[in-house]
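Each chain, written out:
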Amino acid sequence: MLKTFLTRSCQALLFSGLLACTHTAPKEQAHPMSEQTPANPAFEAYSARFLEALWELEPDWALQVGYFKHLDKVKIPDAAYRKRVIQFTEEQLQALKQLDKATLSRSQQVDAQLIENFLEASRWSLEKEQSYAWNPAQYNISPSIARLFEPNALSQEQRLRTALLYFKQARPYYAAAKAAIKDPTLEHTRLALTQHQGLSAEWQRTYLSNAKKSALSKQEKAAFQRELNNAVAAVDDYRSFLKTLEKRLVKGPARSFRLAPELYRQKFAYELGASLSADEVYAKALEARERTLARMDELAQKLYPTYLPGQALASEPKQRIRAVLNVLAQQHPDASRFRETIAAQIPELERFVREKDLVYLDPSKPLKVRDTPIYARGVAGASVDAPGPYAKGGETFYNVTPIAGESRETIASYLREYNNFTLQILNIHEAIPGHYTQLVHSNESPSLIKSILGNSTMIEGWAVYSERMMLEEGYGAQSPELWLMYDKWHMRVILNTILDYEVHIKGLSAEAGLTMLTNDGFQERAEAEEKWKRATLTQVQLASYFTGYSELYALRNELKSLEAKEFSLRRFHDRFLSYGSAPVKYIRELMLAEPSH
Ligand code: ZN
């Protein structure tokens with residue numbers, strides 16, 4: 001899956017070091033689903049108080065979502081801070097309990113649920129998971145400083161003064177980090193080392209030269225230079241602390257990067273907000289792998305004579321599949337026409353969705369395709385880029401990173417990966433009717449809570465579901481080529497889930513993991529290695545795509561059999577999307593409780 005605003009881990013957790021996703025365009029629009037109960041003003045007041053208290057506690061995160069009231073605060077991640085977070089979750093959960101949920105509008109009920117999930121997950125993370133003690137990579141002041149200088153509403157002087165504050169606080173910040181780290185893993189220690197590499201040179205180069213050119217006073221400029229040097233010293237000190245740790249951990253014993261099975265199961269429940277348990281999703285993924293491989297083999301046998309004429313059919317199913325996939329991957333756009341190819345597909349997808357009446361598309365919000373701006377490049381690919389929740393009236397874009405400047409080898413491998421078939425599936429996933437369409441629907445009942453605490457399992461589940469739904473409804477005219485490539489693409493989602501579970505619960509070895517990804521997933525070695533690394537550094541996030549997809553697919557089938565002849569796919573989709581980015585299990589409750597027509 002591509003890294004995008006939306007596919008990034010959206011699990012916003014207090015103090016977990018994870019970043020929240022920012023995706024909303026807060027504008028009201030007429031929508032086929034209208035509210036039944038009017039909004040309760042008491043709840044609006046509560047959620048405003050909740051957010052204000054949250055931003056006070058999490059000034060870094062506030063900065064990221066474009067809320068600039070707490071620029072004068074820097075979080076020091078010490079024991080006193082963790083105590084305050086626990087207190088905050090308890091107070092807020094208490095306040096939530098006192099609200100009478102029956103008086104809330106549907107949109108507010110979803111908000112209340114999102115807040116509750118968030119608070120419970122945050123408390124669990126601090127009390128049980130305790131990554132603050134084993135993940136040195138969750139401490140880093142650099143991303144917050146970098147964020148200040150991204151395009152935003154701040155003046156250059158405000159940015160520099162806030163950066164100055166971060167530099168000033170670097171020493172107590174890293175002292176708190178060192179005190180908190182008790183039993184780190186080697187993998188997260190190395191990640192922290194990598195992420196703290198070259199910071200001083202980068203700071204000198206960018207921020208210092210900015211400061212010199214700015215309207216800051218002479219004294220402020222001197223202070224900037226001095227505090228930047230102090231911050232560099234604090235980072236160097238943290239790095240030598242990490243290097244000493246690394247040496248000790250290499251000799252062993254060291255804490256394993258694998259989360260204990262019980263913690264994995266709990267984290268799965270808290271962070272994904274799913275109705276299925278980790279074990280149930282894993283069992284489903286194992287079944288799906290077998291089913292998908294069998295179908296891929298059938299398709300490969302069918303396509304073999306066309307694409308490998310005169311060649312004897314390979315005897316092994318996976319050899320047959322690989323051979324056909326390799327030939328199909330040669331059908332790809334020219335590097336120079338990569339963006340145009342994507343842009344040309346968007347109206348096709350729109351037309352198909354309208355013709356088949358699959359889901360409501362807002363005609364006033366066409367998607368704009370553009371080159372990814374320089375500041376947001378780094379990960380090649382395509383992604384939906386929506387303004388942050390506090391950025392008023394911003395536009396939503398489909399960013400496509402130009403690939404022309406890369407090495408010939410990289411371009412060739414990239415184009416094989418994003419060939420004519422997978423590009424279409426990518427566009428369904430990211431744009432229509434995937435992330436972009438879901439985002440537009442979600443904004444029909446706009447609330448800051450939804451855009452800040454939206455459930456990523458639902459968001460990814462919808463995008464993954466929409467790929468399959470489009471093909472089932474006849475997009476691509478049931479072409480076996482497109483279905484085969486779809487299966488390969490979908491296999492990634494299935495294997496992500498199996499890998500994550502087996503790494504943390506069954507102690508899967510690196511070699512066995514890589515073999516699975518390359519053999520069953522037909523992945524390149526480099527892609528598989530990247531995925532293995534991600535599985536050692538994260539837990540449960542890799543399983544969220546398949547989990548959301550499975551829940552949504554099951555919900556659709558449940559309603560289909562309940563409503564029988566009355567069932568309409570269009571109505572199901574519009575209703576499903578009308579609850580905002582709430583956990584699927586919660587949408588299910590609401591859908592089953594309300595009459596559908
Ligand atoms: Zn996605």
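Every value quoted in this text rests on a predicted model; they were computed, and no experiment measured them.

**Regarding the pattern of salt bridges**
If you walk through the whole model with that rule in mind, you get 33 salt bridges. We note a salt bridge from Arg161 to Glu220, for which the minimum N-O separation is 2.6 Å. Taken together, the residues Arg161 in helix 7 (residues 156-180) and Glu220 in helix 10 (residues 218-251) connect sequence positions 59 residues apart. Across the pair Arg255 and Asp183 runs a salt bridge, and its minimum N-O distance is 3.5 Å. Taken together, the residues Arg255 in the loop between helix 10 and helix 11 (261-272) and Asp183 in the loop between helix 7 and helix 8 (186-195) connect sequence positions 72 residues apart. Relative accessible area serves as the criterion here: at 35%, Asp183 is assigned to the partly exposed category. Ionic contacts of the salt-bridge type, sharing partners, join the residues Arg289, Glu290, Lys318 and Asp520 into one network.

**Focus on helix 15 (residues 408-417)**
Of the positions making up helix 15, those classed as buried are Ile411, Tyr414, Leu415 and Glu417. Each buried residue of helix 15 lies within a common arc of 155° when the element is viewed along its axis, so the set occupies one face. Exposed residues lying more than 90 degrees from the buried face of helix 15 are Arg408 and Glu409. If you follow the buried residues of helix 15, they end up packed against helix 14 (338-355), helix 16 (420-430), helix 20 (480-505) and helix 22 (525-537).

**Quick notes on the sheet that holds strand 1 (residues 368-371)**
Taking strand neighbours across the sheet as the criterion, the three strands line up as 1-3-2 in an open arrangement whose pairing is mixed. The sheet terminates laterally at strand 1 and strand 2 (382-385), the two strands that pair on one side only. Across the sheet, the axes of successive neighbouring strands diverge by a mean angle of 30°, strand direction being ignored.

**As for the packing of aromatic side chains**
Under the definition given, this model contains 31 aromatic pairs. When the centroid spacing of 5.4 Å and the interplanar angle of 85° are considered together, the rings of Trp55 and Trp61 count as edge-to-face. Overall, the relative accessible area of 0% leaves Trp55 in the buried class. Classification of Trp61 by relative accessible area gives buried; the value is 6%. Ring centres of Trp462 and Tyr465 lie 5.6 Å apart, and the angle between their planes is 40°; this geometry places the pair in the tilted category. With Trp462 and Tyr465 both in helix 19 (residues 456-472), this residue pair falls three residues apart, about one helical turn. By relative accessible area, Trp462 is classed as buried at 0%. It is Arg82 that lies over the ring of Tyr132; its NZ or CZ is 4.0 Å from the centre. When the ring centre of Tyr553 is taken as origin, the NZ or CZ atom of Arg556, which lies over that ring, is 4.9 Å away.

Conventions used here
Residues numbered from 1 in each chain as written. Predicted model: local features only at pLDDT ≥ 70, side-chain atom pairs only at ≥ 80, totals over all residues. Heavy atoms only, no water. Salt bridge = Lys/Arg side-chain N within 4 Å of Asp/Glu carboxyl O. Helix = DSSP H or I, 4+ residues; strand = E, 2+ residues; numbered from the N terminus. Buried < 20%, exposed > 50% of the residue type's maximum accessible area, 1.4 Å probe, protein only. Arc of directions from axis to C-beta. Contact = heavy atoms within 4.5 Å. Pairing = 2+ DSSP bridges. Axes fitted to C-alpha atoms, helices over the stretch in contact; angles between N-to-C directions. Phe/Tyr/Trp six-rings, centres within 6.5 Å; stacked < 30°, edge-to-face > 60°. Lys NZ or Arg CZ within 6 Å of the ring centre and 35° of its normal.

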